[in-house]
Amino acid sequence: MPELVYPPVIATAKTLFRVLDLRLTVDGDHHVPRTGGAVLASNHVSYLDFIFCGYGAHPSRRLVRFMAKHDVFAHKVSGPLMRGMKHIPVNRAAGVGSYNTAVEALRRGEVVGVFPEATISRSFTVKELKSGAARMAQAAEVPLVPVALWGTQRLWTKGRPKTLTRRHTPITILLGEPMDPAAYPDANTMTAELKTRLTALVDRAQQEYPDKPAGPDDSWWQPAHLGGTAPTPQEAAELDRRPRRSTAS
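To start, this report covers the structure provided alongside it. This structure is a prediction, so every number in the text was calculated from the model and none was measured.

1. A closer look at the overall build of the protein
Here comes step 1: Looking only at helices and strands, the protein features 8 helices and 7 strands.
Here comes step 2: Summarising its shape, the C-alpha atoms of the protein cover approximately 50 × 40 × 40 Å along the three principal directions.
Here comes step 3: Scored against the burial criterion, the 249 residues of the protein give a buried share of 45%.
Here comes step 4: Contacts spanning at least 24 positions in sequence make up 72% of the contacts within the protein whose residues lie at least 6 apart.
Here comes step 5: Within the protein, the 23 negative side-chain charges are centred at a point lying 7 Å from the centre of the 32 positive side-chain charges.

2. A closer look at the pattern of salt bridges
Here comes step 1: Summed over the entire model, instances satisfying the criterion amount to 12 salt bridges.
Here comes step 2: A salt bridge links Glu 3 to Arg 65, with the nearest nitrogen and oxygen atoms 2.5 Å apart. Of this pair, Glu 3 sits in the segment before helix H1 (6-20) while Arg 65 sits in strand S3 (residues 64-69), placing them 62 residues apart in sequence.
Here comes step 3: The closest approach of N and O atoms between Arg 241 and Glu 238, which form a salt bridge, is 3.0 Å. Linking Arg 241 with Glu 238, this pair stays in helix H8 (residues 233-241), spanning 3 residues, or about one helical turn.
Here comes step 4: Salt bridges linked by common partners bring Glu 3, Arg 65, Lys 86 and Glu 110 together as one network.

3. Some details on the pairing of strand S6 (residues 144-150)
Here comes step 1: Burial of S6 is extensive: 7 of the 7 residues sit out of reach of the surface.
Here comes step 2: Of the two faces of S6, both are covered, the one formed by Leu 144, Pro 146, Ala 148 and Trp 150 as well as the one formed by Val 145, Val 147 and Leu 149.
Here comes step 3: With 4 bridges joining them, strand S2 (residues 38-42) and S6 adopt parallel strand pairing. Residue pairing in the sheet places Leu 40 in a bridge with Val 145 of S6.
Here comes step 4: The pairing of S6 with strand S7 (residues 170-175) spans 4 bridges and is antiparallel. The residue of S7 that forms the bridge with Ala 148 is Leu 174.

4. Some remarks on the sheet that holds S3
Here comes step 1: An order of S1-S7-S6-S2-S5-S3-S4 is seen for the 7 strands of this open sheet, with the pairing classed as mixed. The sheet is open, and its two borders are formed by strand S1 (23-27) and strand S4 (88-90), each paired with just one other strand. With direction set aside, neighbouring strand axes in the sheet form an average angle of 20 degrees.
Here comes step 2: Taken together, the 3 bridges between S3 and S4 define a ladder with parallel strand orientation. Bridging across to S4, Ala 68 finds its partner in Pro 89.
Here comes step 3: Docked against the sheet, helix H5 (residues 95-107) engages S2, S3, S4 and strand S5 (111-114), running at close to 160 degrees with respect to S4.

5. Re the packing of aromatic side chains
Here comes step 1: Under the definition given, this model contains 7 aromatic pairs.
Here comes step 2: Seen in terms of ring centroids, Tyr 47 and Trp 156 are 4.8 Å apart; in terms of plane orientation they differ by 45 degrees. Their pairing is tilted. You can see Tyr 47 sitting in the loop between S2 and helix H2 (49-57) and its partner Trp 156 sitting in the loop between S6 and S7, a full 109 residues away along the chain.
Here comes step 3: When its relative accessible area of 24% is taken as the criterion, Trp 156 is described as partly exposed.
Here comes step 4: Measuring from centroid to centroid gives 6.3 Å for Phe 50 and Phe 66, while their planes differ by 75 degrees, and the two rings are edge-to-face.

6. Points about the nonpolar core
Here comes step 1: By size, the foremost hydrophobic cluster in this structure holds 37 residues, and its most contacted members are Val 39, Val 112 and Leu 144.
Here comes step 2: Secondary-structure elements contributing two or more residues to this core are S2, H5, S5, helix H6 (132-140), S6 and helix H7 (187-208).
Here comes step 3: Considering each element in turn, this core owes the most residues, 7 residues, to H7.
Here comes step 4: Met 85, Val 111, Val 145 and Leu 149 belong to the second-largest nonpolar core, a separate cluster that totals 25 residues.

7. Looking at H5
Here comes step 1: When the terminal C-alpha atoms of H5 are compared, their 19 Å separation across 13 residues agrees well with the 18 Å that a helix rising 1.5 Å per residue should span.
Here comes step 2: Where the residues of H5 are buried, they touch S2, S3, S4, S5 and H6.
Here comes step 3: Of the residues trailing H5, Gly 109 is marked for its positive phi of about 100 degrees.

Rules and cut-offs
- Residues numbered from 1 in each chain as written.
- Predicted model: local features only at pLDDT ≥ 70, side-chain atom pairs only at ≥ 80, totals over all residues.
- Heavy atoms only, no water.
- Helix = DSSP H or I, 4+ residues; strand = E, 2+ residues; numbered from the N terminus.
- Buried < 20%, exposed > 50% of the residue type's maximum accessible area, 1.4 Å probe, protein only.
- Contact = heavy atoms within 4.5 Å.
- Lys, Arg positive; Asp, Glu negative; His and termini not counted.
- Charge placed at Lys NZ, Arg CZ, Asp CG, Glu CD.
- Salt bridge = Lys/Arg side-chain N within 4 Å of Asp/Glu carboxyl O.
- Pairing = 2+ DSSP bridges.
- Axes fitted to C-alpha atoms, helices over the stretch in contact; angles between N-to-C directions.
- Phe/Tyr/Trp six-rings, centres within 6.5 Å; stacked < 30°, edge-to-face > 60°.
- Core = buried A, V, L, I, M, F, W, Y, C linked by side-chain atoms within 4.5 Å.
- Expected span 1.5 Å × (residues − 1).

In structure tokens, the structure reads:
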């Protein structure tokens, strides 16, 4: 079936990147296989991460099918786009169906994108990972590619106002070496190694990032261990435990 929605969405995104003069750095894109199934497992610091994770696969001419909350598919604007791009809805009340759909897509040779932290990390460090990405890679016998994103939180993240028109923002996309699921005895072992690799990639992205906070009022996007005012992992966990408000934060 021809791709009628995804290509124009990509073209629109690239145009916006140029208009905003986003300073995109992509390294390791050759790790995305040009054919066959693969899982891209990314850290999660922004509501826009799926756009930039997908961008990292574009040099290999791959379209990434992301697993996303069912609510996004129910929205009158985003829903038709998500379905048109063949992304995979995740209903937490019926997660087995979403998992099986993803595995089937991988076996057909699709690239599936996953955020194994399951939610945005308020601390901008790698949270504990769910094992679904590893389990899918092992079930479909496809490689798992770790992906680190950095800078996307400055455009739109949890608990901060949107700054979607922010110009000249550096965005870093690092793709690590593929992980062979056959090399791990079980999904938990593979997930532990994925966290180690993701953490190393995110640390590298943070250390090499060309911008630094302009002052105390601008240090919210920098993690606490690097001197920023983002919540520590413990503080972030406490914020995540608080009851959700009726409006998005």
